[in-house]
Amino acid sequence: MPRMSKVELYAAIRRDHRGGMSMRELERKHGVTWRTVRKALDSSWPEPRKKLPPRATGLDRYKPVIDEILRADLDAPRKQRHTVTRIFHRLVEEHGADVSYGMVRYYVAARKPEILVESGKAPLEAFVPQTHQPGHEAEVDFGDVTIRLAGELVTCYLFSFRLSHSGKAVHRVFASCGQEAFFEGHVHALRTLGGVPRSKVRYDNLKAAVARVLGLSRARVEADRWIAFKSHYVHVPVGSRRTPAASATSMAA
């Protein structure tokens with residue numbers, strides 16, 4: 001039997017506690033200490049493991065030297081900048097360092113981008129985590145796909161409608177990438193999912209939906225049939241089982 005993860009252990013402890021088990025009973029049943037039981041009852045998600053401090057290496061005393069070389073290279077002509085090999089040889093020859101080439105290469109690879117950011121010569125990279133509420137957003141893609149049909153490779157078109165929160169997706173393959181197929185893909189996806197996302201559906205510049213893109217402003221002019229199609233669905237929320245029986249063509253007309 002596979003070992004229970006910590007999240008599963010916490011869930012089991014919380015479930016048994018709701019069933020009336022005492023702290024001591026929970027400790028005996030799950031083979032844990034009272035501190036673990038207390039943590040499980042306080043939070044359904046285990047605390048992240050504390051990161052161990054980095055281990056000292058023989059390179060530590062030479063890291064300021066490497067940093068100084070990398071900073072000097074920022075203003076040096078490209079052909080005069082140090083390679084990792086040159087940095088390694090300088091440490092050995094000028095400072096008597098007893099380090100491996102791999103240690104130097106690993107440190108330079110990690111430190112060089114940091115020094116560029118610190119000097120203002122490279123933008124600071126940042127990541128903004130995306131959060132999506134259940135049933136609120138979706139993404140649509142409509143692209144080429146190659147399939148084998150009757151023994152021959154044929155180019156068809158895959159319509160994909162994916163809910164952003166759950167990742168649940170509905171797909172349909174069409175022989176054409178025209179507007180009718182685009183609409184029919186939506187009808188099939190919304191009927192399968194049982195409703196329409198409450199907030200938004202994200203698209204690329206799909207020709208079936210965008211009539212044209214306006215110059216440098218990149219503003220979009222939507223096709224009339226697409227506007228009518230959206231209007232038809234605007235009042236059908238996620239969770240509603242009401243789905244139209246008409247075809248995509250008649251709904252968009």
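Here the structure is shown first, and the text comes after it.
The structure reproduced in this document is the subject of the present report. (Residues numbered from 1 in each chain as written. Predicted model: local features only at pLDDT ≥ 70, side-chain atom pairs only at ≥ 80, totals over all residues. Heavy atoms only, no water.)

**A short note on the sheet that holds strand E1 (residues 137–149)**
The strand order across the open sheet built from four strands is E3-E2-E1-E4, with neighbouring strands paired in mixed fashion. The open sheet has two edge strands with one neighbour each: strand E3 (169–174) and strand E4 (200–202). Across the sheet, the mean angle from the axis of one strand to that of its neighbour is 25°, orientation sign disregarded. In this structure, E1 lies alongside strand E2 (residues 152–163), joined through twelve bridges in antiparallel fashion. Within E2, the residue paired with Ile147 across the bridge is Val154. Across the sheet, helix H7 (residues 179–193) touches E1, E2 and E3, and the angle it forms with E3 is around 145°. (Pairing = 2+ DSSP bridges. Helix = DSSP H or I, 4+ residues; strand = E, 2+ residues; numbered from the N terminus. Axes fitted to C-alpha atoms, helices over the stretch in contact; angles between N-to-C directions. Contact = heavy atoms within 4.5 Å.)

**Description of the pairing of E1**
Sheet analysis places E1 next to E4, joined by three bridges and oriented parallel. Along E4, the bridge assignment pairs Glu139 with Arg202. The antiparallel pairing of E1 with E2 creates a hairpin that spans two residues between the two strands, and Ala150 there sits at a positive phi of about 55°.

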